[in-house]
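A structural walkthrough
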Amino acid sequence: MFPRVPTWLLFSPTQNYMLNSKVNEELAAAGGGGGGVEEGDVVLEIGQGTGSLTAALLEAGATVFAVEKDKHMATLVKDRFGSTERLKVIEEDITKFHIRSHFLPFMKEKYHNTTKRAKVVSNLPFNVSTEVVKLLLPMGDIFSVVVLMLQDETAARLADSSIQTPEYRPINVFVNFYSEPEYKFRVDRENFFPRPKVHGAVISFKLKNAEEYPPVGSPKSFFSMVDSAFNGKRKMLRKSLQHLCSSSEIEAALHKIGLPVTARPSDLMLDDFVRLHSHLVEV
Ligand SMILES: C[S@@+](CC[C@H](N)C(=O)[O-])C[C@H]1O[C@@H](n2cnc3c(N)ncnc32)[C@H](O)[C@@H]1O
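Residues numbered from 1 in each chain as written. Predicted model: local features only at pLDDT ≥ 70, side-chain atom pairs only at ≥ 80, totals over all residues. Heavy atoms only, no water.

**Comments concerning the packing of helix α8 (residues 219–230) against helix α11 (residues 270–280)**
When two helices pack together, their arrangement is given by the angle between the helix axes and by the axis-to-axis distance. Running from N to C, α8 and α11 point in directions that differ by 110°, and their axes come no closer than 10 Å. In terms of orientation, α8 lies roughly perpendicular with respect to α11. In contact with Ser221, Phe222, Met225, Val226, Ala229 and Phe230 of α8, α11 contributes Leu270, Phe273, Val274, Leu276 and His277. (Axes fitted to C-alpha atoms, helices over the stretch in contact; angles between N-to-C directions. Helix = DSSP H or I, 4+ residues; strand = E, 2+ residues; numbered from the N terminus. Parallel < 35°, antiparallel > 145°, perpendicular 65-115°, else oblique. Contact = heavy atoms within 4.5 Å.)

Put into structure tokens, the structure is as follows:
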């Protein structure tokens, strides 16, 4: 049912490579709401490996800027696609790569300085997924959509912002602050080589522009409050936020925003946190 393992995959057996080209095509088309990769798009691909997803992106008509930290893989892909003007491969670790200094000028040149934004499409190594999500989601001025292959459980957790579940975390507040996430489809582990222990899934994040962010004076102070609120998850906010104000001030603020004075972090949606922050910190 799945293609045989090509010998070049034995290069770097610690990563899980996609064997099924149909999944790569679906990944390229998964932006949702008109966000799938189209002719003329500029796409940042992270960890292009052997270039199987790169091929699908080029096929869709995109110009691809690939950041790959493995030297052999970077060379392999340069050789595979030859000298096309629609592909630039940078040998670099994405967590150390300065997107604004190096990717932005490339994008502006390709788009002839119009306001069009780029897209991110990537079959990421699972171990850097949270770091990459935190890095990219606040970049709504550069990217319109971020489409990632993640571990199935991680994708489900990030896309679902239901409160009062054990999975609800500060990262959910972060994701919803900067984007509209959507779980797209599961990718069975049989599609990868070597076969990982868990299934993958594709998730898209439609990035908000700065004008669409919830109104907080300082995102840094807002997320610091959210992190503190979840410290000691079972604690009531009137205890966990005591370093900001007295319990009675916290109770008064909770009352004002229509929540019980005994509220815990898992009782608050993004908007509740925003209102709480404005009552407690931005006074
Ligand atoms: C899961 S493999 C996917 C490869 C390819 N996209 C595919 O679908 O088969 C992940 C790739 O990301 C690269 N990689 C791992 N960590 C990275 C990082 N921090 N920055 C850039 N590339 C990274 C690995 O060398 C590997 O080629």
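**Re unusual backbone geometry**
Omega for the peptide link from Phe193 to Pro194 comes to -10°, which places this bond in the cis form. Within the secondary structure, Pro194 sits in the loop between β8 (192–193) and β9 (200–207). Notably, His112 is not glycine yet its phi reads approximately 50°, a positive angle. Looking at the element boundaries, His112 is found in the loop between α4 (99–110) and β5 (118–123). A positive phi angle, near 60°, is found at Asn113, a position not held by glycine.

**Re the packing of helix α7 (residues 170–178) against α8**
Direction vectors running N to C along α7 and α8 enclose 150°, while the axes themselves pass 9 Å from each other. With respect to α8, the axis of α7 lies roughly antiparallel. You can see that α7 and α8 cross each other, and the crossing is right-handed. Between α7, through Pro170, Val173, Phe174, Phe177 and Tyr178, and α8, the contact on the second element is made entirely by Pro219, Phe222, Phe223, Val226, Asp227 and Phe230. Of the residues that constitute the contact of α7 with α8, the class distribution is 10 nonpolar, no polar and one charged. (Left-handed = near helix turned anticlockwise from the far one by under 90°. Nonpolar A, V, L, I, M, F, W, Y, C, P; charged D, E, K, R; others polar.)

**Some remarks on the environment of Ala56**
The residue Ala56 is located in helix α2 (residues 52–59) in this model. In this structure the C-alpha to C-alpha distance between Ala56 and Asn123, which are 67 residues apart in sequence, comes to 12 Å. Apart from the residues lying within four places of it in its own chain, the contact partners of Ala56 are Asn24 and Glu25.

**Thoughts on the layout of surface pockets**
The rolling of a water-molecule-sized probe over the atoms marks out the regions of remaining empty space. Space inside the largest pocket adds up to approximately 570 Å³. At the level of elements, β1 (17–18), β2 (42–46), α2 and β3 (63–68) are the ones that each hand at least two residues to the lining of the largest pocket. For the lining of the largest pocket, the per-class residue count stands at 11 nonpolar, 13 polar and six charged. (1 Å grid on protein atoms, 1.4 Å probe; cavity = no way out; pocket = protein on both sides within 12 Å on 5 of 7 lines; lining within 4 Å. Points joined across faces, edges and corners; volume = space filled by probe spheres on them.)

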